[in-house]
Amino acid sequence: MKTNPGRFFEDYRLGETIVHAVPRTISGGERALYHALYPARGAIHSSDEFARGCGLPAAPVDDLIAFHVVFGKTVPDISLNAVANLGYAEGRWLGQVYPGDTLRSESTVIGLKENSNGKSGVVYVRTRGINQRDEVVLEYVRWVMVKKGRADAPAPGAVVPSLAPVVVPEALVVPKRLDFSRYDFALAGERHRWADYAVGERIDHVDGVTVEEADHLMATRLWQNTSKVHFDVTQREDGRRLIYGGHVISLARALSFNGLANAQMIVALNAGAHANPCFAGDTVRAWSEVLDRAETAAPGVGALRLRLVAVKEGAAPFALKGADGKYLPEVLLDLDYWALVPR
């Protein structure tokens, strides 16, 4: 058999490392398409001159471009037969990605647990994005629910990894030579500094974007995400294409510009949950909560720990979970991350 049916839950082995095909060289085209798909306008990723004013050699590609490219490589081996991507932890951006860099991905299986229904199981992997100089530029853990190919396939012993609830500030990697001491607030779009944000503060990002089938299909093809549930309407009983969770992440991150324009660079992903499915026609809105603040050794650079929540139209302001502790049905995404902000 020459075609690839994708792995099923029983095909994974604890501790194995999977080298994913195919390496991809990043160009300015990814940046242009990213800005066409999402209302992204962070200054440091938009302008070479702005980035140079902050000590960088040029504008790196958006942090989430690196994430999408690395993630997309893993799909044929990890989530081609997925029911849903469930969560993230221990994510760190370890180096910047510039046009001309080539990225590849590797994943190590760190946990396996069959579901009680016997029809699927959860696979935990630690993924690394590696550039042409063999430098790891991104790493993260994710867990995904994967179908079983055979209901009678024996289940491996359950192993659920112990994961850190947050990346500690000391482990954040600030880009070399990053310097916000001469940061241009006028060109960035807002005047708010690190000290202007208080722990516990919530920000309504006001704007919304209605998800279109065409945008989603272009995005999943751009990031080479081949998971069947994003393309093939026969994969779900309701006959609907599931919107790629990363598409929702990028929409919410771009919407957060209004109120967090100076949260320029994502440096860590502490946790994340795709709380409910998103479909074409849903209007996505976003709000953020400041969870923590930390200083860094870089001149003029501070870090904010932020909760980014994406919701569907009609959600109550700042509502997240019900009295039962479960996410409300209007909540699409709950993402916990660290971003670098001028002090």
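This text gives an overview of the structure that appears in the document. Nothing here was measured: the structure is a model prediction, and the numbers come from that model.

Notes on the overall build of the protein
Move 1: A tally of regular secondary structure across the protein gives eight helices and ten strands.
Move 2: Its C-alpha atoms put the protein at 65 × 50 × 40 Å along the principal axes.
Move 3: Within the protein, buried positions represent 53% of all 343 residues.
Move 4: Long-range contacts, defined here as pairs at least 24 residues apart, represent 79% of the contacts in the protein between residues at least 6 apart.
Move 5: As displayed, the protein offers around 14400 Å² of accessible surface, 52% of which is attributable to carbon and sulfur atoms.
Move 6: Charged side chains in the protein number 39 positive and 40 negative. The centres of these two groups are separated by 3 Å.

A closer look at the packing of aromatic side chains
Move 1: Under the counting rule described, the total for this entry stands at eleven aromatic pairs.
Move 2: Aromatic side chains F180 and Y183 sit 5.2 Å apart centroid to centroid with 70° between the ring planes, which places their arrangement in the edge-to-face category. Of the two residues, F180 and Y183, neither departs from the other in class, the shared state being buried.
Move 3: Centroid distance Y183 to F185: 4.8 Å. Interplanar angle 65°. Geometry classified as edge-to-face.
Move 4: Counting every residue linked through ring pairs, the aromatic cluster contains F67, F71, Y88, Y140 and Y244.

Quick notes on the pairing of strand β5 (residues 136-147)
Move 1: Counting buried positions along β5 gives nine out of twelve residues, so the element sits mostly inside the fold.
Move 2: With eight bridges connecting them, strand β2 (residues 82-93) and β5 associate as antiparallel partners. Its bridge partner being in β5, N85 is matched across the sheet by V144.
Move 3: With eleven bridges joining them, strand β4 (residues 120-130) and β5 adopt antiparallel strand pairing. Note on β5: the bridge partner recorded for R126 is V141.
Move 4: The hairpin formed by β4 and β5 contains five residues between the paired strands, and D134 there has a positive phi angle of roughly 60°.

Describing unusual backbone geometry
Move 1: Following A21, the chain continues into V22 via a peptide bond in cis, with omega recorded as -5°.
Move 2: Inspection of the secondary structure puts V22 in strand β1 (residues 17-25).
Move 3: Even without being a glycine, D134 presents a positive backbone phi close to 60°.
Move 4: For D134, the position within the fold is in the loop between β4 and β5.
Move 5: By relative accessible area, D134 is classed as exposed at 56%.
Move 6: One non-glycine residue with positive phi stands out, namely R177, at about 70°.
Move 7: Residue class for R177 comes out exposed when judged on its relative accessible area of 61%.

Brief notes about the nonpolar core
A general trend in soluble globular proteins is that nonpolar side chains are found buried together.
Move 1: Ranked by internal contacts, the top residues of the largest apolar core, which has 54 residues, are Y38, F67, W223, V284 and L306.
Move 2: For this core, the leading source of residues is helix α4 (residues 63-78), giving eight residues.
Move 3: Ignoring anything within four residues of it in the chain, the contact list for L306 reads L260, A263, E289, V290, L291, L335, D336, Y337 and A339.
Move 4: Counting residues in each nonpolar core, the second largest holds 25 residues, with A51, L56, Y98 and L178 among its members.

Considerations on the sheet that holds β5
Move 1: Strand order across the open sheet formed by ten strands is β1-β3-β4-β5-β2-β7-β10-β9-β8-β6, with antiparallel pairing between neighbours. Edge strands, defined here as strands with exactly one partner in the open sheet, are β1 and β6 (202-210). Between one strand and the next, the sheet's axes are offset by a mean angle of 25°, whatever the strand orientation.
Move 2: Inspection of the sheet shows β6 paired to strand β8 (residues 283-295) by six bridges, in the antiparallel sense. If you follow R202 over to β8, its bridge partner there is E289.
Move 3: Contacting β1, β2, β3 (102-114), β4, β5 and β7 (265-274), α4 crosses the sheet at an angle of about 40° to β5.

Comments concerning empty space enclosed by the protein
Move 1: Taken as a whole and assessed by the stated rule, the structure comprises three cavities of 30 Å³ or more.
Move 2: Here the largest cavity is characterised by a volume of approximately 180 Å³.
Move 3: Considering the residues around the largest cavity, the lining is formed by 16 residues, among which R41, G42, D62, R253 and F257 are closest to the centre.
Move 4: Mapped by element, the contributors of at least two residues to the lining of the largest cavity are α1 (28-37), α2 (43-46), α7 (245-255) and α8 (257-260).
Move 5: Class assignment for the residues of the lining of the largest cavity results in seven nonpolar, six polar and three charged.
Move 6: Lining the second largest cavity, in full, are L64, F67, Y88, W93, I249, I266, L269, L335 and Y337.
Move 7: Taken together, the elements giving at least two residues each to the lining of the second largest cavity come down to α4, β2, β7 and β10 (331-342).
Move 8: Tallied by class, the residues present in the lining of the second largest cavity amount to nine nonpolar, no polar and no charged.

Rules used in this analysis
- Residues numbered from 1 in each chain as written.
- Predicted model: local features only at pLDDT ≥ 70, side-chain atom pairs only at ≥ 80, totals over all residues.
- Heavy atoms only, no water.
- Helix = DSSP H or I, 4+ residues; strand = E, 2+ residues; numbered from the N terminus.
- Buried < 20%, exposed > 50% of the residue type's maximum accessible area, 1.4 Å probe, protein only.
- Contact = heavy atoms within 4.5 Å.
- Areas by Shrake-Rupley, 256 points an atom, 1.4 Å probe, with all protein chains shown as cover.
- Lys, Arg positive; Asp, Glu negative; His and termini not counted.
- Charge placed at Lys NZ, Arg CZ, Asp CG, Glu CD.
- Phe/Tyr/Trp six-rings, centres within 6.5 Å; stacked < 30°, edge-to-face > 60°.
- Pairing = 2+ DSSP bridges.
- Core = buried A, V, L, I, M, F, W, Y, C linked by side-chain atoms within 4.5 Å.
- Axes fitted to C-alpha atoms, helices over the stretch in contact; angles between N-to-C directions.
- 1 Å grid on protein atoms, 1.4 Å probe; cavity = no way out; pocket = protein on both sides within 12 Å on 5 of 7 lines; lining within 4 Å.
- Points joined across faces, edges and corners; volume = space filled by probe spheres on them.
- Nonpolar A, V, L, I, M, F, W, Y, C, P; charged D, E, K, R; others polar.

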